[in-house]
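# Examination of the molecular architecture
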Amino acid sequence: MAFKRGSSFRLSATPVTLFAHLLGIAATTLVLVWTLHFRDGLALKSGNKEKILNVHTVLMIIGFIFVGGEAIMAYKTVPSSTRKVQKLVHLILHLIALLVGILGVYAAFKFHHEQGIPDMDSLHSWLGMGTICLFGLQWVFGFFSFWFPGAASPASLVPWHYFAGMVIFLMAICTALTGLVERFTILGLSNDQGLIVNFTGLMLLLFAIAVSLSVMLPRAY
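About the thresholds
Residues numbered from 1 in each chain as written. Predicted model: local features only at pLDDT ≥ 70, side-chain atom pairs only at ≥ 80, totals over all residues. Heavy atoms only, no water. UniProt positions renumbered as here; feature names shortened; annotations may be inferred. Phe/Tyr/Trp six-rings, centres within 6.5 Å; stacked < 30°, edge-to-face > 60°. Buried < 20%, exposed > 50% of the residue type's maximum accessible area, 1.4 Å probe, protein only. Lys NZ or Arg CZ within 6 Å of the ring centre and 35° of its normal. Disulfide = S-S within 2.5 Å. Patch = residues over 30% accessible without salt bridge, like charges linked within 9 Å, V, L, I, M, F, W, Y side chains within 5 Å. Areas by Shrake-Rupley, 256 points an atom, 1.4 Å probe, with all protein chains shown as cover. Salt bridge = Lys/Arg side-chain N within 4 Å of Asp/Glu carboxyl O. Helix = DSSP H or I, 4+ residues; strand = E, 2+ residues; numbered from the N terminus. pLDDT = per-residue confidence, 0-100. Contact = heavy atoms within 4.5 Å.

An unreviewed UniProt entry annotates the chain as Cytochrome b561 domain-containing protein of Tetracentron sinense. Regarding the chain, the relevant UniProt record gives this comment under Subcellular location (unreviewed entry): "Membrane". Annotation of the chain in UniProt includes, under Cofactor (unreviewed entry), the sentence "heme b".

Below is the structure:
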């Protein structure tokens, strides 16, 4: 059976980005329910040290991954025909994600220090440190190459910037999933909490897939 060239079944990025937004909101809701309702809440200074670790979990999932994913999709979601506006939103959202991510990493080190736990002794911590460092380097590179006044990077760098950005984003997803597995194992979660953690990980994975697909699809005008 033959199909006409340019037939209407071709998918635009719009429905995929909408689905990604819903997945991100679902992951955000789940992690907040888990940390606030089941794990005693959030605090950077508390006698209950798990509250400090909860800050790390919330900031990395909501502030780093969700906002970072929204930054990647900015070129497909920001309602502006001016690419410069889309680029500015992309830059600002990534900066917010980076700053929140740094605070999240600080919370993790603070928790380890106050609990007397060694730092950088797990795959999760290795992936996390590598991700946040590469994320920072990518932001600085993008700022001076594509935004700083007078920047005139060759067009050949753009695909590599896209590629590096997606690799770092997927590294962030892997870091989050290994972190959830680590907490699941240490806490021995079951029943409602176990389901929440598992579904949070699933939502993050699907979010990553949706964001990745949105990059490949054309924007609907």
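## Comments concerning the packing of aromatic side chains
For any pair of aromatic rings, geometry is given as the distance between the ring centres together with the angle between the planes. Across all of its chains, the model carries seven aromatic pairs by this definition. When the centroid spacing of 5.1 Å and the interplanar angle of 90 degrees are considered together, the rings of Phe143 and Phe144 count as edge-to-face. On the accessibility criterion, Phe144 (47% relative accessible area) is partly exposed. Put simply, the rings of Phe66, Phe169 and Phe207 pair up and form one aromatic cluster. Sitting over the ring of Trp147, Lys84 keeps its end group 5.8 Å from the ring centre.

## Thoughts on the state of the cysteines
In this structure the tally under the stated criterion is zero disulfides. Its sulfur unpaired, Cys133 is 17 Å from the next cysteine sulfur, which belongs to Cys174. Classification of Cys133 by relative accessible area gives partly exposed; the value is 43%. Take Cys174: its relative accessible area is 40%, and that puts it in the partly exposed class.

## Describing a nonpolar patch on the surface
Taken together, the side chains of Leu195, Phe199, Leu202, Leu205, Leu206 and Ile209 define a hydrophobic patch exposed on the protein surface, amounting to about 520 Å² of accessible area. Looking at where Ile209 falls in the secondary structure, it is placed in helix H7 (residues 191-216). Assessed through its relative accessible area of 48%, Ile209 is described here as partly exposed.

## A look at the confidence of the model for the chain
Predicted confidence across the chain gives a mean pLDDT of 90, with 92% of residues reaching 70 or more. Predicted confidence for residues 1-9 stays below pLDDT 50, and this span has one contact to residues more than four positions away or in other chains.

## So, the environment of Asn54
With respect to the secondary-structure elements, Asn54 resides in helix H2 (residues 50-72). Using a relative accessible area of 0% as the deciding quantity, one classes Asn54 as buried. Each C-alpha atom, one on Asn54 and one on Gly41, is 7.0 Å from the other, the two residues being 13 residues apart in sequence. Setting aside residues no more than four positions away along its own chain, Asn54 makes contact with Thr35, Arg39, Gly41, Leu42 and Arg183.

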